[in-house]
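Here is what each chain is made of, one letter per residue.
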Protein chains: 2
Amino acid sequence: MNHCDLTLYLCTDRHWLGDMSIAESVERAIEGGVTLVQLREKDVSTAQFLQAAQEVQEVCRRHGIPLIINDRIDIALAVDADGVHVGQTDMPCAIARRLIGPDKILGVSASTPEHARRAREDGADYIGIGAAFLTDTKAVGRALTRDEIVEVLKAGGIPACAIGGINEVTGPQLEGLGLDGISVISSILSRPDITAAARTMRDVAEKIKG
Amino acid sequence: MNHCDLTLYLCTDRHWLGDMSIAESVERAIEGGVTLVQLREKDVSTAQFLQAAQEVQEVCRRHGIPLIINDRIDIALAVDADGVHVGQTDMPCAIARRLIGPDKILGVSASTPEHARRAREDGADYIGIGAAFLTDTKAVGRALTRDEIVEVLKAGGIPACAIGGINEVTGPQLEGLGLDGISVISSILSRPDITAAARTMRDVAEKIKG
């Protein structure tokens, strides 16, 4: 199993950034304490996704932070990213593992114990459990309860972070569940001072771990 | 260079199909004389694209017709398709060639002599030249003139088909340009009898070749 530090896992979202490039936003977030970066792009061409991946990877490598590509294994292979994250409507986990090989990080979104079990069986290195809270970033039916998060976590039996609506107010509610970290988007990227926001969320993450 | 028969090259488009599956439409088209199939999907999830690719591939293999995947190299690798077709806003041709290896078919969309030259240099097996005519399928600024098509063709120096707005009325105007075939979508898939439409377009294709 490939290891990665899930403590503060940034998912990108270019819609928050205004004129700032994704790479610049990622660099500011890393300077505030992000431990892992996932490049997530929707509604852009493959060429645009590739360019963003190249730019973000340059930043991540310079800081020694692994880069995970959301969904698009072709992009991950093209830039030799450190891993791939697949959702339940993306490439099935077992095929993703075959395409990226045994040495790359593979993450899977899990909202049920069955998702989590299958992810482990099919070669995932970690699961992202959610939605932890309701969120504007992604339309989700409802948030999981604390008990449900724990059930998914236990069914997986592999490292896990929570994702969805986690900020400085909601995040502390995840303490004591056994999570390895939190995955965040807007609570870092929507803030005027991205580095300070990442520092705040890193403190939250350290407290809820374990 | 990998060979494929460009004579009548079907690009799929699920929007024309109503209740019919893509695989069924492809099978009917093959029965009418399609020589090559490109699965082109936009605005679907990776899982949906993968499922369509698996279903269409089953049909193509049964009929001995190669299957090319549009844009998504991850899908092509997942199903071990016969090749990939990339546009000018997709994965760059040279990276596509590296990812799929030397033995898969690689096609590139070209609307200028420079596109065509670079496609050949970067490892393409064929080019799709367009738009040959104005079309409803894809928003294009304008159609190429006959002279422009010939310029792109000569600059490429590799097998070439024309694409864009080609039907039983416009197709015959492409005779004598030196094309290896025509790529069609709606002139087959929008018709009530797909097999008959493919038969008609195969006749058109045979006449314009050479």
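Each remark here, short or long, concerns the structure printed above.
My aim in this report is to walk through the structure given alongside it, one point at a time. (Residues numbered from 1 in each chain as written. Chains lettered and ligands numbered in written order. Predicted model: local features only at pLDDT ≥ 70, side-chain atom pairs only at ≥ 80, totals over all residues. Heavy atoms only, no water.)

**Some points on helix H2 (residues 46-63) of chain A**
Item 1. An ideal rise of 1.5 Å per residue puts 26 Å on 18 residues; H2 of chain A measures up with 26 Å between its terminal C-alpha atoms.
Item 2. Those residues of H2 of chain A lying buried are Thr46, Phe49, Leu50, Ala52, Ala53, Val56, Gln57, Val59 and Cys60 of chain A.
Item 3. In this fold, the buried residues of H2 of chain A make contact with helix H1 (22-31), strand E2 (36-39), strand E3 (67-70) and helix H3 (73-79) of chain A together with helix H4 (93-100) of chain B. (Helix = DSSP H or I, 4+ residues; strand = E, 2+ residues; numbered from the N terminus. Expected span 1.5 Å × (residues − 1). Buried < 20%, exposed > 50% of the residue type's maximum accessible area, 1.4 Å probe, protein only. Contact = heavy atoms within 4.5 Å.)

**Some thoughts on the sheet that holds strand E4 (residues 83-86) of chain A**
Residue and element names in this part refer to chain A.
Item 1. With respect to topology, eight strands assemble into a closed barrel ordered E1-E2-E3-E4-E5-E6-E7-E8, the strand pairing being parallel. The sheet shows a mean angle of 25° between the axes of neighbouring strands, taken without regard to direction.
Item 2. As paired strands, strand E1 (residues 8-11) and E2 are joined by three bridges and run parallel to one another. Counted as the bridge partner of Cys11 is Gln38 from E2.
Item 3. Contacts from helix H5 (residues 113-121) reach strand E5 (105-110) and strand E6 (126-129) within the one sheet, and its direction differs from that of E5 by about 165°. (Pairing = 2+ DSSP bridges. Axes fitted to C-alpha atoms, helices over the stretch in contact; angles between N-to-C directions.)

**Examining the pairing of strand E1 (residues 8-11) of chain B**
All names here are of chain B.
Item 1. Here E1 shows a buried face lined by Leu8 and Leu10 and a second buried face lined by Tyr9 and Cys11.
Item 2. Taken together, the three bridges between E1 and strand E8 (residues 181-184) define a ladder with parallel strand orientation. Considered in E8, the bridge of Leu8 is made with Ile182.
Item 3. Where the polypeptide runs from E1 across helix H1 (residues 22-31) and back to strand E2 (residues 36-39), its parallel neighbour, the crossover connection is right-handed. (Right-handed = clockwise from strand over helix to strand, strands pointing away.)

**A closer look at the packing of aromatic side chains**
Residue and element names in this part refer to chain A.
Item 1. Within this structure, the stated rule accounts for two aromatic pairs over all chains.
Item 2. Note on Tyr9 and Tyr126: the rings are 5.7 Å apart at their centroids and 75° apart in plane angle, and the pair reads as edge-to-face. Linking Tyr9 in strand E1 with Tyr126 in strand E6, this pair joins segments that are 117 residues apart in sequence. Residues Tyr9 and Tyr126 agree in their burial class; the two are buried. (Phe/Tyr/Trp six-rings, centres within 6.5 Å; stacked < 30°, edge-to-face > 60°.)

**A few points about the sheet that holds strand E6 (residues 126-129) of chain B**
Strand pairing in a sheet is mediated by backbone hydrogen bonds. Such pairs are either parallel or antiparallel.
All names here are of chain B.
Item 1. The parallel closed barrel is built from eight strands, whose spatial order is E1-E2-E3-E4-E5-E6-E7-E8. Neighbour-to-neighbour, the strand axes of the sheet open up by a mean angle of 25°, direction not taken into account.
Item 2. Note: strand E3 (residues 67-70) against strand E4 (residues 83-86), three bridges, orientation parallel. Counterpart to Asn70 in the pairing with E4 is His85.
Item 3. Contacts from helix H5 (residues 113-121) reach strand E5 (105-110) and E6, with the element oriented near 165° to E5.
Item 4. Contacts from helix H8 (residues 194-208) reach E1 and E8, with the element oriented near 150° to E8.

**Observations concerning the nonpolar core**
Item 1. Counting residues in each nonpolar core, the largest one holds 139 residues, and the members touching the most others are Leu174 and Ile188 of chain A together with Leu174 and Ile188 of chain B.
Item 2. Dropping the residues within four chain positions of it, Ile188 of chain A is found in contact with Leu8, Leu10, Ala29, Val34, Ile194, Ala197, Ala198 and Met201 of chain A. (Core = buried A, V, L, I, M, F, W, Y, C linked by side-chain atoms within 4.5 Å.)

**Notes on the packing of H1 of chain A against H2 of chain A**
A packed helix pair is summarised by two numbers, namely the angle formed by the two axes and the spacing between the axes.
Residues and elements named next belong to chain A.
Item 1. The contact between H1 and H2 brings their axes to 8 Å, and the two run at 25°. As judged from the angle between their axes, H1 and H2 are roughly parallel. Read as a crossing pair, H1 and H2 show a hand that is right-handed. Taken together, the residues of H2 that come into contact with H1 (itself represented by Ile22, Ala23, Val26, Glu27, Ile30 and Glu31) are Ala52, Glu55, Val56, Val59, Cys60, Arg62 and His63.
Item 2. The class makeup of the residues in the contact of H1 with H2 is eight nonpolar, one polar and four charged. (Parallel < 35°, antiparallel > 145°, perpendicular 65-115°, else oblique. Left-handed = near helix turned anticlockwise from the far one by under 90°. Nonpolar A, V, L, I, M, F, W, Y, C, P; charged D, E, K, R; others polar.)

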